[in-house]
There are 2 protein chains.
Amino acid sequence: MSKGVYTFGGNRNEGGAAMRNLLGGKGCNLAEMAGLGIPVPPGFTLTTEQCGAYYTNGRKLTDELQGEIVEALRWLEGVRGCGFGSTENPLLLSVRSGARVSMPGMMDTVLNLGLNDQTVVALERASGNPRFAWDSYRRFVTMYSNVVLNVEHGLFEAELERAKERLGKHLDTDLSVEDWKAMVVAFKAIVLDETGAAFPQDPMQQLWGAIRAVFESWNTGRAITYRRLNRIPDEWGTGVNVQSMVFGNMGDDCGTGVAFTRDPATGEKIFYGEYLINAQGEDVVAGIRTPQPITRTQAAGTGMQSLEEVMPASFTELDATCKRLEHHFKDMQDIEFTIERGKLYLLQTRNGKRTAMAGIRIAIDLVDEGLIDSNTALRRIDADSLSQLLAPVFDPREKDRLRHEGQLLTKGLNAGPGAATGRIALTADAAEKLAKEGPVVLVRIETSPEDISGMVASEGILTARGGMTSHAAVVARGMGKPCVCGASALQIDLAQGIVRVGNRELKAGVDWISIDGSTGEVFAGQLSAHPSEVNQVLVDGSLKAEASELYQRFAKIMTWSHAAKRLKVRTNADTPHDAAVARAFGAQGIGLCRTEHMFFEGDRIIAVREMILASDAEGRKKALAKLLPMQREDFEGIFKAMDGLPVNIRLLDPPLHEFLPQDEAGKREMAAVLGVDLAIVERRVAQLHEFNPMMGHRGCRLGITFPEIIRMQVRAIAEAALNVTAKGIKAVPEVMVPLIGTVRELAFTKAEMVDEIALVNKERGTQFACPIGTMIEIPRAAITADRIAQEAEFFSFGTNDLTQMGFGFSRDDAGSFLPEYVGKKILEDDPFQSLDQEGIGELVRIACEKGRAARPDIHLGVCGEHGGDPRSVVFFHKVGLDYVSCSPYRVPIATLAAAQANLD
Amino acid sequence: MSKGVYTFGGNRNEGGAAMRNLLGGKGCNLAEMAGLGIPVPPGFTLTTEQCGAYYTNGRKLTDELQGEIVEALRWLEGVRGCGFGSTENPLLLSVRSGARVSMPGMMDTVLNLGLNDQTVVALERASGNPRFAWDSYRRFVTMYSNVVLNVEHGLFEAELERAKERLGKHLDTDLSVEDWKAMVVAFKAIVLDETGAAFPQDPMQQLWGAIRAVFESWNTGRAITYRRLNRIPDEWGTGVNVQSMVFGNMGDDCGTGVAFTRDPATGEKIFYGEYLINAQGEDVVAGIRTPQPITRTQAAGTGMQSLEEVMPASFTELDATCKRLEHHFKDMQDIEFTIERGKLYLLQTRNGKRTAMAGIRIAIDLVDEGLIDSNTALRRIDADSLSQLLAPVFDPREKDRLRHEGQLLTKGLNAGPGAATGRIALTADAAEKLAKEGPVVLVRIETSPEDISGMVASEGILTARGGMTSHAAVVARGMGKPCVCGASALQIDLAQGIVRVGNRELKAGVDWISIDGSTGEVFAGQLSAHPSEVNQVLVDGSLKAEASELYQRFAKIMTWSHAAKRLKVRTNADTPHDAAVARAFGAQGIGLCRTEHMFFEGDRIIAVREMILASDAEGRKKALAKLLPMQREDFEGIFKAMDGLPVNIRLLDPPLHEFLPQDEAGKREMAAVLGVDLAIVERRVAQLHEFNPMMGHRGCRLGITFPEIIRMQVRAIAEAALNVTAKGIKAVPEVMVPLIGTVRELAFTKAEMVDEIALVNKERGTQFACPIGTMIEIPRAAITADRIAQEAEFFSFGTNDLTQMGFGFSRDDAGSFLPEYVGKKILEDDPFQSLDQEGIGELVRIACEKGRAARPDIHLGVCGEHGGDPRSVVFFHKVGLDYVSCSPYRVPIATLAAAQANLD
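The numbers attached to residues start from 1 for each chain and follow its sequence in the written order. Whichever chain is written first is A, and whichever ligand is written first is 1; the rest continue in order. Where local features are concerned, this predicted model is filtered to residues with pLDDT of at least 70; where side-chain atom pairs are given and counted, the filter is 80 or more; whole-chain, interface and lining totals use all residues. Note that water and hydrogens are dropped before the side-chain values are worked out from all heavy atoms of the structure.

*Asks:* Is there a simple way to think about the overall build of chain A in this case?
*Replies:* Counting its secondary structure elements, chain A contains 37 helices and 31 strands. Summarising its shape, the C-alpha atoms of chain A cover approximately 105 × 60 × 55 Å along the three principal directions. Every one of the 904 residues in chain A was classed for burial, and the buried ones make up 60%. It only takes one pair of heavy atoms within 4.5 Å for two residues to be counted as in contact. At a minimum sequence separation of 6, the contacts of chain A that also span at least 24 residues come to 68%. Using a 1.4 Å probe, accessible areas were evaluated by the Shrake-Rupley method; residue-level cover was limited to the displayed protein chains. Summed over all atoms, the accessible surface of chain A reaches about 34600 Å², with 50% contributed by carbon and sulfur. Counted as positive: Lys and Arg. Counted as negative: Asp and Glu, with His and the chain ends omitted from the count. Lys charges are placed at NZ, Arg charges at CZ, Asp charges at CG and Glu charges at CD. Within chain A, one finds 99 positive and 118 negative side-chain charges whose respective centroids are separated by 3 Å. In this description a helix means any DSSP run of H or I spanning at least four residues, a strand means any run of E spanning at least two, and both kinds are numbered starting from the N terminus. Throughout this description, buried means an accessible area under 20% of the type-specific maximum (1.4 Å probe, protein chains only), exposed means over 50%, and partly exposed covers the range between.

Set out below in structure tokens:
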């Protein structure tokens with residue numbers, strides 16, 4: 001076993017910031033500070049490896065480790081000039097956890113260790129402050145008994161309350177030395193009662209117990225949960241920091257506090273923190289006394305006294321030390337300090353947690369201040385946090401008001417960031433009508449492609465069912481609309497036009513509702529939502545770039561990211577508007593232009609239904625001929641918006657039944673509009689019914705059965721490209737075939753496409769051509785990608801469907817077990833949100849390898865939700881894709897993630 | 001280019017039977033016969049390689065080939081002592097196709113080539129038979145014009161008919177020489193009229209045309225279709241045999257015929273064939289004259305004259321030659337012969353096509369005769385044909401009678417071999433009731449697991465929807481019941497209790513229906529069906545082994561197969577009865593014991609539904625406790641039946657909604673039986689509804705959500721094994737977890753299982769243990785098989801689901817496009833019938849490789865439909881599985897296929 005104990009401070013500083021993995025964050029930074037000459041109470045750190053050793057050794061400390069600890073303890077006694085357990089000048093210790101990464105509040109701490117019935121008397125003498133000594137002892141008994149002996153904390157509190165009542169005293173500070181002495185006796189009685197053994201008086205026994213308790217705290221339920229949520233491997237383990245105590249509670253020339261070198265909420269460069277006079281660290285967070293502000297600025301107008309005013313010398317030293325620490329660690333620091341009789345000690349420093357917005361601001365400011373370079377800044381920003389820069393926002397005070405008024409109805413999944421407010425519409429039709437009078441929120445049990453026009457007309461979408469990748473969530477994010485999904489408390493009564501939540505009833509078309517897609521909150525009533533400043537600059541044009549600091553930060557990140565990345569970032573867009581938005585956000589092309597939405601718009605659905613009802617190819621061709629000019633016009637608009645950039649168009653994908661009404665009224669209406677018997681409509685609907693539509697007659701299978709659909713679409717693309725080219729626009733179409741499983745499907749489809757393009761060229765005397773490729777979204781396609789690459793000029797990974805088929809998870813149904821899977825750690829994440837790299841990623845890797853082997857210049861991309869997930873983007877970078885494609889509002893996120901991937 | 005022409009016969013015999021791939025079947029056998037000294041008219045063969053060369057050379061004969069042909073022609077003239085195009089002694093040729101394998105009637109033939117207006121006169125002179133010469137010429141003009149010049153055959157026939165009418169003559173033989181001469185003039189006029197060019201008079205031009213026509217005939221639609229159906233690669237090509245003509249039509253001392261060395265229908269060892277006096281080969285098959293029997297035995301009682309009687313010398317020579325050929329080729333031969341002026345020539349010999357039953361008999365007889373060994377016999381038998389030995393049969397004469405009476409209603413898919421007759425039942429309940437009065441055929445639109453009891457009670461199953469792997473088909477084959485599926489002409493009117501086909505109406509419970517699952521035929525009315533003799537011996541015991549030749553043949557094949565194979569063959573069986581049947585058929589264990597069927601039987605479904613309605617684990621446990629004794633009893637029965645052999649039990653697999661009623665009446669009944677509100681039942685049914693149930697909450701996902709189900713099942717298995725062991729029975733259970741996608745699912749499930757087994761052992765003081773493994777049926781599981789093998793002691797490939805997920809094909813829905821896929825050659829086969837080796841097979845191969853790498857002694861098997869498909873079995877042998885498992889009635893087929901795989 002390698003060395004298990006590293007000392008810090010005093011005359012023997014064995015660690016440093018570079019040893020984070022071995023010493024944990026707290027331990028290595030204590031050593032680093034000591035090395036810088038910053039006052040740190042000396043002590044020693046048990047390495048994180050010892051945590052694993054503790055568990056493999058049957059949850060016991062090894063003999064070697066015990067030896068090293070005793071040796072370090074002797075050294076510490078020497079440095080501090082006192083003795084552990086000494087009845088003259090006792091050494092007291094704090095024992096605290098410290099893992100590689102901060103897990104705040106997750107693990108245990110014991111302070112004042114070493115006190116017992118004898119040493120408390122010595123402390124009384126040495127400090128000349130009996131009240132302090134006995135207060136410290138009762139704190140120790142409470143804390144140790146709770147953390148190490150598992151005695152319930154409430155028992156001590158109840159005892160203290162009873163004593164105060166008996167004594168007629170209100171505050172802790174009202175208690176006398178004698179009172180505290182009596183409390184210690186009472187507390188020890190509780191321990192004996194609860195554990196069947198006396199409170200341990202032997203300081204060494206106390207120390208072994210505290211160290212064991214810290215190691216044990218690595219595996220409490222809350223720690224395990226925290227690690228899972230934050231992707232911290234179980235095997236990392238925690239270190240243990242044993243440090244000599246300094247006291248902020250020896251009198252009014254003492255104090256303790258926490259501080260941030262910048263505002264962790266906004267990122268503003270102001271020194272920011274709280275402190276208490278005559279207190280120990282735990283008091284600051286315990287909420288019994290109100291902590292005071294550290295700076296004069298902070299204190300202004302509060303009537304409170306700042307440290308800057310009360311202890312100016314200590315404040316000046318603290319301020320200087322913090323500046324030095326931030327400069328040294330090149331990041332915003334979160335510190336703990338104690339002032340013992342006027343002398344400042346630093347107990348901890350770490351990179352401070354911060355809000356997403358603060359993270360962005362700090363990273364950029366540090367670059368401006370010359371502390372870090374832009375690439376380092378990019379690596380520090382959570383890519384997902386950019387979505388907060390783009391989403392519309394509610395005024396937080398207005399939200400608070402509604403919350404206080406009891407208008408918070410429920411909370412669903414925060415499926416599409418942003419804030420939306422509007423009158424309630426329960427159907428797409430109603431949404432479209434109501435939208436003419438004012439803002440609308442579409443409220444549905446769940447959405448389907450037929451709701452698209454209603455979703456477009458609405459400010460936001462709220463559903464009672466469905467997860468983060470349900471139709472509503474995916475489409476809403478694609479549109480950049482706020483969306484709250486799976487708000488299961490909602491009961492939607494379509495017949496009466498009412499939404500019920502508990503006893504509350506809201507009337508469709510009358511009552512207002514507000515949803516916060518960043519938090520999942522659903523409010524009754526109206527809130528004002530504003531588009532983000534970035535949108536106001538880039539999309540509305542209602543704000544000048546110079547006027548928005550937020551926009552300028554955003555622009556900086558984008559500029560740096562584009563310079564730092566290799567992967568191109570495209571967007572998934574089906575309309576000129578979406579294409580234009582994505583382009584404004586930096587999209588380098590369209591990676592997925594779905595064509596099915598073009599089949600729903602306006603009167604087109606009539607022609608589509610006519611095609612579906614047709615009994616032969618001729619009938620279908622007649623109906624398709626009506627769609628051709630509309631589809632051509634769609635493509636012209638998109639080519640214009642993306643002038644000069646590639647536009648990857650996917651042929652029709654969904655099963656035909658999605659275009660037919662499923663309800664009685666809809667069927668009747670369809671029969672009337674098309675002038676056919678209801679029975680014919682009903683028969684066709686029944687014929688097209690599928691048990692597992694996800695794996696049914698869709699994608700390329702449609703085009704193989706009905707090649708005339710492919711031909712119409714390809715003709716529309718070719719004619720649109722030729723038309724806009726004539727107007728000086730550079731159209732760069734690519735066409736991809738969905739749901740390919742075998743190369744022969746692609747060969748068949750491609751032959752139809754090539755033939756139709758040849759017809760167009762012959763008619764027009766032109767030479768139009770474009771790359772033809774395929775989605776890789778069927779496991780068999782990934783496995784046989786070498787064969788498929790013989791026909792495909794590019795692959796676009798459809799990782800949504802690849803995840804569905806690869807796992808055998810229906811995205812629409814997996815909600816019944818996926819949360820449990822993540823909960824039971826069977827899956828680390830919802831694989832629809834973040835790519836399963838081990839399994840589905842392996843299919844992607846195999847397909848890339850086989851595809852390149854068969855066609856070395858094959859162009860590789862990914863479209864679908866994973867293209868906008870930062871961790872997935874890193875994976876796609878690693879396997880060597882050429883681009884990722886995601887919804888317009890994820891483009892900036894993917895851009896930053898692509899840069900981060902390349903910087904790693 | 002290598003040598004393109006090989007001569008045979010005469011003094012230069014360059015080929016032989018070993019050169020089949022190069023010379024084609026006909027060519028190599030002609031050379032082989034010539035080599036044996038059997039009289040064969042000499043000629044030469046263009047190799048099959050030249051067919052490919054023809055196409056790559058722009059559908060032209062290469063100069064090199066033309067040179068070789070001319071050289072061979074010169075040689076042939078020398079051998080025959082006549083000249084091609086000679087006006088004195090003209091050489092006439094036949095030009096015929098010949099691929100590696102016989103494609104009877106698929107490609108073209110030209111006889112009498114070399115005749116023209118001059119050579120016909122020479123032939124007239126040389127033969128001394130003007131009528132023969134002009135008859136031959138008119139035959140040649142007809143055949144050449146049709147085959148080479150694409151002139152419609154009917155035009156010549158019509159002309160001939162008009163002439164006969166004009167002349168007042170009825171038979172071809174009534175026509176005089178002058179009549180035929182006039183016909184030739186008329187025929188040539190037709191050619192000029194149709195093609196715009198005169199009939200070619202240059203014999204070399206005729207020869208080039210005929211050779212090109214044979215090569216072209218390789219790619220006619222019917223040839224391509226035949227190749228697809230028979231899995232003949234397109235690139236093989238056909239050879240061309242150019243052979244000097246001999247004439248069976250020179251007079252009454254001439255003749256021609258075809259013969260089989262054994263009866264191709266029954267396999268009986270009798271010489272069998274047909275001939276015509278004074279005719280050319282085409283006349284035998286043309287049907288204008290009635291061919292005569294060859295042997296006296298054949299002719300007995302027909303009033304016809306046998307060759308044996310008419311030309312005894314030629315017959316004796318023919319008989320001896322045939323015996324020699326059969327002996328030489330060690331297989332039943334199909335020969336063509338011509339007798340020219342008393343001299344016998346063999347024009348072709350090949351292994352004869354035969355019925356499945358004949359194939360079995362001949363192979364076995366040849367072993368008995370010492371011509372081949374048992375392994376050779378096994379390789380010759382079509383494994384699938386064994387199903388005909390096992391299926392119940394209708395009397396063919398009775399079928400003919402019904403057919404003539406117009407009682408053949410329709411034809412569906414021959415989904416389960418065998419014959420069944422009974423009264424019509426339209427529901428499972430009705431089937432069970434009606435079965436008490438007599439035999440029943442269950443007629444459904446499609447079946448579901450709720451129909452199982454009705455299927456058990458019925459003689460056979462008929463459905464209007466669904467394919468070869470629909471629920472009805474799979475379950476019926478598993479039960480060994482005759483089944484006809486997808487008979488879409490059936491209209492089932494449940495309300496009125498009527499089945500309609502066209503205008504016919506059959507009343508449920510009253511009218512009889514008969515289905516032949518081997519042909520797909522559906523008859524109105526009653527037919528008598530008998531169990532196969534093999535069943536009578538092995539299952540009924542109603543027949544003694546010695547009394548059945550069929551059984552004895554079956555037994556021989558099984559004995560030989562068991563000796564020759566490496567793969568073990570298990571069965572899929574859920575009941576003691578099925579297990580016993582499979583064991584009688586040679587099953588070496590159970591590879592898949594589904595447990596869901598045990599949840600439907602009798603009153604169990606009530607407890608199952610109670611469990612599903614339960615709101616918590618306690619409620620579920622209470623309901624499961626009722627199932628435990630029943631499930632335990634099931635397992636005891638199966639262990640008894642399989643005493644000493646492994647029984648692989650799969651934990652519950654289907655989604656829970658399959659156990660709930662979906663219709664109004666069913667829901668009402670369930671609510672009444674369980675004593676709960678209808679609303680509760682309805683809510684639960686709605687909750688459990690899934691969009692894609694195939695990829696929903698099923699398989700191991702159920703057990704992870706409801707571990708108490710796993711625990712009940714494992715307890716039942718352990719207790720059953722311990723109970724029967726106490727009675728001296730050797731239980732060898734294995735337990736497998738379905739639908740595993742990640743190793744953590746298996747680890748979770750296994751932990752529950754191991755814990756429950758430990759509980760049982762603790763309660764009973766026993767040491768029960770059994771292997772725990774997993775299905776590999778999710779693509780992700782195959783891809784991560786190394787991880788999964790860390791927890792799995794065995795893999796059982798569920799290739800049905802692996803095909804569904806790997807292709808993204810829902811088996812229930814793929815009927816809407818799969819037939820088209822096979823038709824358009826996008827897929828060679830329905831991948832649910834025969835494993836897709838390139839894609840899904842690759843997943844199996846990867847999983848085997850990864851599984852073995854992680855756990856070298858991992859046990860590997862396959863269950864599901866592919867385990868009984870001979871071609872798939874060969875694949876499973878190759879990738880090194882330890883066993884295949886299939887339905888009881890496929891066990892003999894898989895056994896033979898396993899032997900064949902090992903012999904290859």
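*Asks:* Can you help me understand helix H14 (residues 356-368) of chain A in this one?
*Replies:* Residue and element names in this part refer to chain A. Its 13 residues place the ends of H14 19 Å apart at the C-alpha level, agreeing with the 18 Å of an ideal helix rising 1.5 Å per residue. Residues of H14 that are buried in the fold lie against helix H13 (312-329), helix H15 (374-380), helix H16 (387-390) and helix H22 (549-564). Looking at the residues trailing H14, positive phi occurs at Gly370, about 80°. Helix span, expected: 1.5 Å multiplied by one less than the number of residues in the helix.

*Asks:* I would appreciate a short explanation of the sheet that holds strand E7 (residues 272-277) of chain B in the present structure.
*Replies:* Through backbone hydrogen bonds, the strands of a sheet pair up, either in parallel or in antiparallel fashion. Any two strands with at least two DSSP bridges between them are considered paired. Pairing within the open sheet is antiparallel, and its 5 strands lie in the order E8-E7-E6-E9-E10 (chain B). Two strands close off the open sheet at either side, each with one partner strand: strand E8 (292-293) and strand E10 (343-351) of chain B.

*Asks:* Even after reading the chapter, I still don't get the state of the cysteines, so can you show me in this structure?
*Replies:* Any covalent bond linking the sulfur atoms of two cysteines counts as a disulfide. Residues and elements named next belong to chain A. Two cysteine sulfurs form a disulfide in these notes if their separation is within 2.5 Å. All chains considered together, the criterion is met by 0 disulfides over all chains. Among the cysteines around Cys28, which has no disulfide bond, Cys51 carries the closest sulfur, lying 16 Å off. Free of any disulfide, Cys82 has its nearest neighbouring cysteine sulfur in Cys254, separated by 16 Å. Of the residues examined, Cys82 reaches a relative accessible area of 14% and is grouped as buried.

*Asks:* Just checking my understanding: could you explain the relation of the copies chain A and chain B for this structure?
*Replies:* Fitting of the copies onto one another was done by least squares over C-alpha atoms, counting residues only where both copies have pLDDT of at least 70. Overlaying chain A on chain B yields an RMSD of 0.2 Å, the required transformation being a rotation through 180° with an accompanying axial translation of 0.1 Å. One copy is carried onto the other by what is essentially a two-fold rotation axis. Closest approach to the rotation axis among the C-alpha atoms of chain A is made by Asn692(A), whose C-alpha sits 2.1 Å away. Both copies contact each other with a shared surface, as 100% of the interface residues of chain A are interface residues in chain B too.

*Asks:* When you look at the packing of helix H21 (residues 533-540) of chain B against helix H22 (residues 549-564) of chain B in this model, what are you seeing that I'm missing?
*Replies:* A packed helix pair is summarised by two numbers, namely the angle formed by the two axes and the spacing between the axes. Residues and elements named next belong to chain B. Look at H21 against H22: their axes get within 7 Å of each other, and the N-to-C directions meet at 75°. Taken together, the axes of H21 and H22 lie roughly perpendicular to each other. Contact with H21, carried on its side by Glu533, Val534, Val537 and Leu538, involves Glu549, Leu550, Tyr551 and Phe554 of H22 and no other residues of that element. The residue inventory of the contact of H21 with H22, partitioned by class, reads 6 nonpolar, no polar and 2 charged. As a rule, the C-alpha atoms of each element are fitted with a line to give its axis, helices using only the stretch in contact, and angles between N-to-C directions run from 0 to 180 degrees. Relative orientations are named as follows: roughly parallel for angles under 35 degrees, roughly antiparallel for angles over 145 degrees, roughly perpendicular for angles from 65 to 115 degrees, and oblique for any other angle. Ten residue types, Ala, Val, Leu, Ile, Met, Phe, Trp, Tyr, Cys and Pro, are classed as nonpolar, four, Asp, Glu, Lys and Arg, as charged, and the remainder, Gly among them, as polar.

*Asks:* Is there a simple way to explain the pairing of strand E1 (residues 5-8) of chain A in this structure?
*Replies:* Regular strands show a simple pattern: their side chains alternate between the two faces of the sheet. Residue and element names in this part refer to chain A. In E1, alternate side chains face the same way, and those of Val5 and Thr7 on one face and Tyr6 and Phe8 on the other are all buried. The pairing of E1 with strand E2 (residues 43-46) spans 4 bridges and is classified as antiparallel. Of the residues in E2, the one forming a bridge with Val5 is Leu46.

*Asks:* Honestly, the side chain of Glu159(A) in this entry has me stumped. Any pointers?
*Replies:* All names here are of chain A. Here Glu159 lies in helix H6 (residues 153-167). A residue is classified by how much of its surface remains accessible, and Glu159, at 14% relative accessible area, is buried. Excluding anything up to four places from it in sequence, Glu159 contacts Met183, Ala186, Phe187 and Ile190.

*Asks:* I would appreciate a short explanation of the environment of Leu73(A) in the present structure.
*Replies:* Residues and elements named next belong to chain A. Secondary-structure assignment places Leu73 in helix H3 (residues 63-80). Judged by relative accessible area, which is 0%, Leu73 ranks as buried. In the structure, Leu73 is positioned 10 residues away from Gly83 in sequence and 9.1 Å away in space, judged by C-alpha atoms. Discounting chain neighbours no more than four positions away, the residues touching Leu73 are Phe44, Phe84, Leu91, Leu93, Met204 and Leu207.

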